[in-house]
Amino acid sequence: QVQLVESGGGSVQPGGSLRLSCAASGCTFSNYAMTWYRQAPGKERELAATITPTGGTNYAGSVKGRATMSRDNAKNTAYLQMNSLRPEDTAVYYCHARRFLGIVPTSVEYWGQGTQVTVSS
């Protein structure tokens, strides 16, 4: 059974930094694209950053330049480093995994339970 466990969330002041981690188990991690989504109170879930099985990254405009997504296939873990945090970054951050066959995405996907990030003075 595939499990995704997020960690690293918490409360931080504006301008601060956090590193979120998503540890995967029960899968061949290197075959999965990993994505961080976030959902702020009263808003829809939105994509924040994604990394392909080959390490290519893409970022939402709202975090571009402040976020860096990476992966360590040896540790089955994906990371999201967030800097210069703003109050509008406050959200529950969810880890998502989608299996790829080569360069082709499949319908196999998994979600983590989420980790809260609160940015406030």
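Everything discussed here concerns the structure shown above.
Caption draft 1: Structural view of the packing of aromatic side chains. The tally for this structure, following the rule as stated, stands at 2 aromatic pairs. Judged by centre distance (6.3 Å) and plane angle (45 degrees), the rings of tyrosine 32 and tyrosine 110 are tilted. Separated by 78 residues along the polypeptide, tyrosine 32 in strand E4 (residues 32–39) and tyrosine 110 in strand E10 (residues 104–111) bring together distant segments of the chain. Note on tyrosine 32: relative accessible area 6%, which makes it buried. For the pair tyrosine 37 and tryptophan 111, a centre-to-centre distance of 5.0 Å together with 50 degrees between the ring planes defines the contact as tilted. Of this pair, tyrosine 37 sits in strand E4 while tryptophan 111 sits in strand E10, and the two are 74 residues apart along the sequence. We note arginine 45 situated over the ring of tyrosine 94; from NZ or CZ to the ring centre the distance is 3.7 Å. Above the ring of tryptophan 111, the side-chain terminus of arginine 45 is found at 4.8 Å from the ring centroid.

Cut-off values and rules
Residues numbered from 1 in each chain as written. Predicted model: local features only at pLDDT ≥ 70, side-chain atom pairs only at ≥ 80, totals over all residues. Heavy atoms only, no water. Phe/Tyr/Trp six-rings, centres within 6.5 Å; stacked < 30°, edge-to-face > 60°. Helix = DSSP H or I, 4+ residues; strand = E, 2+ residues; numbered from the N terminus. Buried < 20%, exposed > 50% of the residue type's maximum accessible area, 1.4 Å probe, protein only. Lys NZ or Arg CZ within 6 Å of the ring centre and 35° of its normal.

None of the figures reported here should be taken as evidence of function without further support.
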